[in-house]
Amino acid sequence: MALYVQKFGGTSVGSVERIKAVAEKVKRFRDEGHQVVVVVSAMSGETNRLVGLANEINDEPTPREMDMLVSTGEQVTISLMALALHKLGVPATSYTGSQVGILTDSAHTKARIQRIETDEMREDLNDGKVVVVAGFQGVDEEGNITTLGRGGSDTTGVALAAALQADECQIYTDVDGVYTTDPRVCSRARRLERITVEEMLELASLGSKVLQIRAVEFAGKYNVPLRVLSSFEDGPGTLIVADSDEEEDSMEEPLISGIAFTANEAKLTLLNTPDIPGVASKILGPIADANIEVDMIVQNVAPTGNYTDFTFTVAKSDFKQTQRILQNEVIPALGEGELRADDNIAKVSLVGVGMRSHAGVASKMFRVLAEENVNIRMVSTSEIKISVVIDEKHMELAVRALHEAFGLDKDRVESE
């Protein structure tokens, strides 16, 4: 007998028929003798509907009242799920985040879990019940309902699995696992049998939307086995593991596990800024003060001497505000400098723990892009990642070329 935490997203529970189908899936696990905790999101579109209602009444709703409002979406789903299980003869009890004891800080709309009370859940599980928990939400020390922000239901699932020491946390979604890249861009993308937490964190941070970063971080921190599966078809999915030291399972770790890409980036360059200590802080300080996250940074010495060219990227949604800050605050403070901005860029990244022990990945990547006449504008690397900024119009071409060049469409060779 194993203990599984199974999380189902909004699409998976988007209608009464789909809720019934999820209940059938949960019943099969219980019939096999397993204990099951089910975490559900609000039905697809419900959270957006609630947010829309709030904005019709007040275009600047307070965070506390927004948490009160949007948390009701999951409350509908947990009760419907419990009723669907009852109809199948499965004893089940539904709980909101506050009822089950998910205690958070008081940061409304983006709260973080501090601890989870498990006694009541364990009692229900030992009595043979399925426990159905509302994802995305918790309660602070003052009894206020809080929500965990984007991807909060994934985080709830992994956190419950960690607290209960579950054998596996299963994230059910509308795809059947983690792919080497987006199949909509590269038709030869392949589902991965296994990927490390490190690699998944990189892919999630670089644009992969299968899992949210916070959930993957939680899984890595508490060593929770995490599996991504399809709600709509059976299959093994993708197992996300803490490390890649399972040498007995693989002849050799794959060099590259996946390719992530995003067009949601913009590039800004300050030309001819003074090349003096503290200039980077003077440029990026006001941007940080505006809560704008900076991604890639490149600083070069300009050919004119004691000057530097400073280039960085931000999310496209922050592009115009960043331009205003540079023009109105940074350049006047520096006393000189010229701004150039470009929001027609894309970032393409190779990710793989095999880079640690293999040389030549960057040179091969650059060669492949050159053969496709794709110009590289910026480069960033880490121990298991190489990212390049290119023109947005070349993004899909670059992804397909790299996918083929690094053999990601070929099956991994495994030992018997």
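Coordinates for the structure precede this section.
Attention here is on the structure that accompanies the text. Everything numeric in this text was worked out from a predicted model, so none of it was measured.

What counts, and where the lines are drawn
- Residues numbered from 1 in each chain as written.
- Predicted model: local features only at pLDDT ≥ 70, side-chain atom pairs only at ≥ 80, totals over all residues.
- Heavy atoms only, no water.
- Patch = residues over 30% accessible without salt bridge, like charges linked within 9 Å, V, L, I, M, F, W, Y side chains within 5 Å.
- Areas by Shrake-Rupley, 256 points an atom, 1.4 Å probe, with all protein chains shown as cover.
- Salt bridge = Lys/Arg side-chain N within 4 Å of Asp/Glu carboxyl O.
- Lys, Arg positive; Asp, Glu negative; His and termini not counted.
- Charge placed at Lys NZ, Arg CZ, Asp CG, Glu CD.
- Helix = DSSP H or I, 4+ residues; strand = E, 2+ residues; numbered from the N terminus.
- Buried < 20%, exposed > 50% of the residue type's maximum accessible area, 1.4 Å probe, protein only.
- Pairing = 2+ DSSP bridges.
- Axes fitted to C-alpha atoms, helices over the stretch in contact; angles between N-to-C directions.
- Contact = heavy atoms within 4.5 Å.

**Quick word on a negative patch on the surface**
A surface patch of like charges, here negative, comprises Asp119, Glu120, Glu123 and Asp127. Of note, glutamate 120 is situated in helix α6 (residues 119-126). Given a relative accessible area of 43%, glutamate 120 falls into the partly exposed group.

**Concerning the sheet that holds strand β13 (residues 258-274)**
Overall, antiparallel pairing links the six strands, which are arranged β14-β15-β13-β16-β18-β17 in an open sheet. The open sheet has two free edges, formed respectively by β14 (294-301) and β17 (378-382), since each of these has just one partner strand. Strand-to-strand twist across the sheet, computed as the mean angle between neighbouring axes with direction ignored, equals 25°. Pairing geometry for β13 and strand β16 (residues 338-351), over 11 bridges, is antiparallel. The residue of β16 that forms the bridge with glutamate 265 is isoleucine 345. Across the face of the sheet, helix α10 (residues 279-289) comes into contact with β13, β14 and β15 (307-315) while running at roughly 25° to β15.

**Focus on the environment of isoleucine 19**
As for its position among the elements, isoleucine 19 is in helix α1 (residues 16-31). Sequence spacing of isoleucine 19 and valine 131 is 112 residues, and the spatial spacing of their C-alpha atoms is 15 Å.

**Examining the sheet that holds strand β2 (residues 35-40)**
Taken in spatial order, the eight strands line up as β3-β6-β2-β1-β9-β11-β12-β10 in an open sheet, and their pairing is mixed. Where the open sheet ends on each side, the last strands, each with one partner, are β3 (92-95) and β10 (194-196). Neighbour-to-neighbour, the strand axes of this sheet turn through a mean angle of 20°, independent of strand direction. Strand direction decides the pairing type here: strand β1 (residues 3-8) and β2, joined by six bridges, are parallel.

**As for the pairing of strand β6 (residues 130-134)**
Among the five residues of β6, five are classified as buried, and the element is accordingly described as predominantly covered. Covered by surrounding structure in β6 are Val130, Val132 and Ala134 together with Val131 and Val133, the residues of both alternating faces. Of the strand pairs in this sheet, β2 and β6 are connected by four bridges, and their pairing is parallel. For valine 37, the partnering residue across the bridge sits in β6 and is valine 131. Where β3 meets β6, four bridges bridge the pair, whose relative direction is parallel. Bridged to alanine 92 within β6 is valine 130.

**Overview of the environment of alanine 260**
Tracing the backbone through its elements, the reader meets alanine 260 in strand β13. Residue alanine 260 is classed as buried on the basis of its relative accessible area of 3%. Sequence separation of alanine 260 and arginine 150 is 110 residues, and the distance between their C-alpha atoms is 20 Å. Residues in contact with alanine 260, not counting those within four places in the same chain, are Leu203, Leu206, Lys347, Val348 and Ser349.

**Details of the pattern of salt bridges**
Counted according to the given criterion, the structure contains 19 salt bridges. A salt bridge links glutamate 46 to arginine 49, with the shortest nitrogen-to-oxygen separation between them at 2.8 Å. Of this pair, glutamate 46 and arginine 49 both sit in helix α2 (residues 46-57), three residues apart, which is roughly one turn of that helix. On the basis of relative accessibility, which here comes to 44%, the residue arginine 49 falls in the partly exposed class. Glutamate 338 is paired through a salt bridge with arginine 340; the nearest N and O atoms lie 3.6 Å apart. Residues joined by salt bridges that share partners form a network here, namely Glu198, Arg356 and Glu383.

**A look at the environment of proline 61**
In this fold, proline 61 is placed in the loop between α2 and α3 (63-70). The exposure class assigned to proline 61 is partly exposed, which follows from its relative accessible area of 28%. As for proline 61 and valine 51, which are separated by 10 residues in sequence, their C-alpha atoms are 9.4 Å apart. If we skip the residues at most four places from it in the chain, proline 61 touches Asn55 and Met66.

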